[in-house]
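# Remarks on the overall topology
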Protein chains: 2
Amino acid sequence: MSHLEQLIVSMVDVFEEYAGQEGKKNQISMDELKTLIDNEVSKPEFQKKIHAEDVTKAMDFLDKNHDGVVNFNEFSRCVATLARGYYKQKQGKGGKKGKGREEDEQEDQ
Amino acid sequence: MSHLEQLIVSMVDVFEEYAGQEGKKNQISMDELKTLIDNEVSKPEFQKKIHAEDVTKAMDFLDKNHDGVVNFNEFSRCVATLARGYYKQKQGKGGKKGKGREEDEQEDQ
């Protein structure tokens, strides 16, 4: 499997890993989201990789339509935003008003 | 590394794999994009996973600001859109006007 293909398949796998725990299999419930956050987002290594501000921005994508659950569209946007936060951090642009953050701001809408 | 963390790191790795081939390391040139498409998107297994319509929609995110290169923001959106296409296909919603595609259409904006 090609790298890009593997990436896409993994994104669906991670979503299904959490969405499949209880109730409907095509959405992440608030309990399942809490498990995801506890298992993943709140881990120190994760927090070192992505600035808190970018994690918060990514979490905003979750349940964007306020129906109380997270669908795959919302999850995929959250992952893309987390990856952007990580990439910025890697480029040395992470943090409050790091160099180059401004021109990324409007791109993140 | 947690699954979500691995996913995020892989997204940056795949981007850097192509962006790093020539010229500026933080953007994918049109030549590098062609290599990515030849190596990845045009492979039969890839095409089986994602409906052509969704691949086209995802490609639209690449070089959205028409500066002739693909930055990480554009790449991450393209990957998220490809993943949504794959997820729909997996859910049996892929294809022309498959069941449930309509309500996803506006979500993809």
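As a starting point, this report considers the structure included with it. Keep in mind the model is a prediction, meaning the values are calculated, not measured.

### Concerning the interface of chain B and chain A
At the junction of the two partners, chain B supplies 46 residues and chain A supplies 46 residues. For the chain B and chain A pair, buried surface summed over both sides reaches about 4000 Å², with 62% attributable to carbon and sulfur atoms. Interface area lost by chain B to chain A is led by Leu4(B), Leu7(B) and Tyr87(B), which between them contribute 17%. Summed over the shared surface of chain B and chain A, the result is four salt bridges. For the interface between chain B and chain A, the tally reads 14 residue pairs in polar contact (both at pLDDT 80 or more). At the level of elements, α1 (3-19), α2 (30-41), α3 (44-49) and α5 (72-90) of chain B are the ones that each hand at least two residues to the side of chain B that touches chain A. With 14 residues, α1(B) is the single largest residue contributor to the side of chain B that touches chain A. Residue classes in the side of chain B that touches chain A are distributed as 21 nonpolar, 11 polar and 14 charged.

### A few points about the packing of aromatic side chains
Scanning the model with the defined rule gives 10 aromatic pairs over all chains in all. Each ring, one from Phe15(A) and one from Tyr87(B), has its centre 5.4 Å from the other, and the planes form 85 degrees; the classification is edge-to-face. Of this pair, Phe15(A) sits in helix α1 (residues 3-19) while Tyr87(B) is found in helix α5, placing the two residues in two different chains. A residue is classified by how much of its surface remains accessible, and Phe15(A), at 0% relative accessible area, is buried. With centroids separated by 6.2 Å and ring planes inclined at 40 degrees, the aromatic side chains of Phe72(B) and Phe75(B) adopt a geometry described as tilted. Of the two residues, Phe72(B) and Phe75(B) are both situated in helix α5; the distance of three residues between them amounts to about one turn of the helix. In this structure Phe72(B) comes out as buried when scored by relative accessible area, which is 3%. Members of the aromatic cluster, connected to one another through ring pairs, are Phe15(A), Phe72(A), Phe75(A) and Tyr87(B). Above the plane of the ring of Phe61(A) lies Lys64(A), whose end atom (NZ or CZ) is 4.9 Å from the centre.

### Here we look at unusual backbone geometry
All names here are of chain A. The backbone of His 66 sits at a positive phi, close to 55 degrees, despite the residue not being glycine. Tracing the sequence through the fold places His 66 in the loop between α4 (52-59) and α5 (72-90). What makes His 66 exposed here is its relative accessible area of 70%.

### Some words on the pattern of salt bridges
For the coordinates displayed, the defined rule picks out 10 salt bridges over all chains. Between Lys49(A) and Glu5(B) there is a salt bridge, and its shortest N-O distance comes to 3.0 Å. In this pair, Lys49(A) is assigned in helix α3 (residues 44-49) and Glu5(B) in helix α1, connecting two distinct chains. Linking Asp54(A) and Lys88(A) is a salt bridge whose minimum nitrogen-to-oxygen distance equals 3.7 Å. Here Asp54(A) is found in helix α4, whereas its partner Lys88(A) is found in helix α5, with 34 residues between them in sequence. There is no split in this pair, since Asp54(A) and Lys88(A) are both buried.

How each quantity is defined
- Residues numbered from 1 in each chain as written.
- Chains lettered and ligands numbered in written order.
- Predicted model: local features only at pLDDT ≥ 70, side-chain atom pairs only at ≥ 80, totals over all residues.
- Heavy atoms only, no water.
- Contact = heavy atoms within 4.5 Å.
- Buried area = accessible area lost by both parts, 1.4 Å probe.
- Salt bridge = Lys/Arg side-chain N within 4 Å of Asp/Glu carboxyl O.
- Polar contact = N/O pair within 3.5 Å; in protein donor to acceptor, adjacent residues only side chain to side chain.
- Helix = DSSP H or I, 4+ residues; strand = E, 2+ residues; numbered from the N terminus.
- Nonpolar A, V, L, I, M, F, W, Y, C, P; charged D, E, K, R; others polar.
- Phe/Tyr/Trp six-rings, centres within 6.5 Å; stacked < 30°, edge-to-face > 60°.
- Buried < 20%, exposed > 50% of the residue type's maximum accessible area, 1.4 Å probe, protein only.
- Lys NZ or Arg CZ within 6 Å of the ring centre and 35° of its normal.

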